[in-house]
Amino acid sequence: MPLIDTTNEEVKSFTGLHLYHFWLSSCSQRVRIVMAEKGLEWVSHEIDLEKQEHATPEYQSIHPDGVVPALVHDGQVIIESIDIIDYLDTTFPEPPLRPASDEAIAEMHQWMQNADGAQHSIKTLTHEFLFKQHKMPPEAFNELSQKHNNEELVDFMRVWSSDEGFQKSEIESELKLQHDHFVRLDQALDGKEWLVANTFSLADIAWISNVRRLDLMHYPLDIHANLNVWYERFQAKPSYIKGIGEFEIPPALAAFNAYSLERAGQGTGVTSFSPLAA
Ligand SMILES: N[C@@H](CCC(=O)N[C@@H](CS)C(=O)NCC(=O)O)C(=O)O
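Residues numbered from 1 in each chain as written. Predicted model: local features only at pLDDT ≥ 70, side-chain atom pairs only at ≥ 80, totals over all residues.

Colleague: Tell me about the domain arrangement of the protein, and please be specific about residues and values.
Modeller: How large an interface is tends to be reported as the accessible area lost when its parts come together. You can read the domains of the protein as domain 1 (3–91) and domain 2 (102–272). Of note, the centres of domain 1 and domain 2, computed from C-alpha atoms alone, are 20 Å apart. Across the contact, 19 residues belong to domain 1 and 26 residues belong to domain 2. Elements represented by at least two residues in the side of domain 1 that touches domain 2 include exactly α2 (26–37) and α4 (81–91). Top contributing element to the side of domain 1 that touches domain 2 by residue count: α2, with eight residues. Its residues assigned to classes, the side of domain 1 that touches domain 2 shows eight nonpolar, five polar and six charged. (Domains from an automatic or database assignment. Contact = placed C-beta atoms within 7 Å. Helix = DSSP H or I, 4+ residues; strand = E, 2+ residues; numbered from the N terminus. Nonpolar A, V, L, I, M, F, W, Y, C, P; charged D, E, K, R; others polar.)

Structure below.
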């Protein structure tokens, strides 16, 4: 459980639940859904990634990697979205978001790990298929590289903001990873409403934000029929609306949609790349 000893005195004095998050962050979406499921009250601290608010010394004193989300519960900082949602479910057990048996709980944790392991691929595909329309200018990258201590994050942005951008082979391998996960999810959902023991759980919540992200870039989810129905079922849940829907910004979604259509028209959309390309 990644509990962090923070040097930030203000955060240490917080009572109740405080969440540092960003509207579009898939990792933040998971946490907001769990809090909505449990009817928890929380204080919102928005960290605007576009404005580089995750690169301030103050935020990096709260989250050592300078990424979102970070949960603070009665002065204790907890990071890593998968661990945060597990923490919330054990600390606030009602309603439970895990199946009953130990075996099924182990399976749930495996799905959660898989969703976490897909994070780099989600990030690469998001920057390629949604954010590339507004590439980071050199001045903004220079500022980020000076302020942010997370070398991996800075290196990623260096490649993305370069004239060359990502290699085709890299995009295809990340897309394949995501596609393979979706094939496995689709198989697991055959004849079931929810992933593990047919019980709505943290496994479903860990994956919904990744599926939502691929949908935004016009990944053809209907090729995975069970997954597609699961996605529609989940989207009808009040916790999805509260944790994802209400935070989404319509003009930003419209811009993503227009860009995805433009890329498809140019033959450079998500379906133009292997393994989706015919
Ligand atoms: N494994 C971490 C990943 C955290 C992460 O990478 N967060 C992303 C948003 S989902 C972020 O803050 N990215 C900063 C950036 O892209 O500049 C978790 O699950 O919390």
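Colleague: Give me the pairing of strand β4 (residues 70–73): which residues, what numbers.
Modeller: The alternating pattern of β4 places Ala70 and Val72 on one face and Leu71 and His73 on the opposite face, and all of these are buried. Alignment of strand β2 (residues 17–21) against β4, held across four bridges, turns out to be antiparallel. Bridging across to β4, Leu19 finds its partner in Leu71. Here four bridges tie β4 to strand β5 (residues 76–79), and the two strands are oriented antiparallel to one another. Paired with His73 across the bridge in β5 is Gln76. Hairpin remark: β4 followed by β5, antiparallel, with two residues in the connecting loop; positive phi at Asp74, about 50°. (Buried ≥ 20, exposed ≤ 12 C-beta atoms within 10 Å, placed from the backbone. Pairing = 2+ DSSP bridges.)

Colleague: I'd like a rundown of helix α13 (residues 250–265), residues and numbers included.
Modeller: It helps to recall that an α-helix has 3.6 residues per turn; residues three or four apart then point in one direction. Under the 1.5 Å per step criterion, the end-to-end length of α13 is 22 Å for 16 residues, consistent within 8% with the ideal 22 Å. Residues of α13 that are buried sit in contact with α6 (119–131) and α10 (202–216). Remark: Gly267 follows α13 within two positions and exhibits a positive phi of approximately 75°. (Expected span 1.5 Å × (residues − 1).)

Colleague: Can you break down unusual backbone geometry residue by residue, with the values?
Modeller: Following Glu94, the chain continues to Pro95 via a peptide bond in cis, the omega torsion being -15°. With an omega of 10°, the peptide bond between Ser274 and Pro275 qualifies as cis. Checked against the element boundaries, Pro275 lands in the segment after α13. Even without being glycine, Glu80 reaches a positive phi, approximately 75°. Along the chain, Glu80 turns up in the loop between β5 and α4. Residue Glu80 is classed as buried on the basis of its 20 C-beta neighbours within 10 Å. Although it is not a glycine, Asn198 sits at a positive phi angle of roughly 50°. Structurally, the position occupied by Asn198 is in the loop between α9 (168–188) and α10. Here Asn198 falls in the partly exposed class, since 13 other C-beta atoms lie within 10 Å of it.

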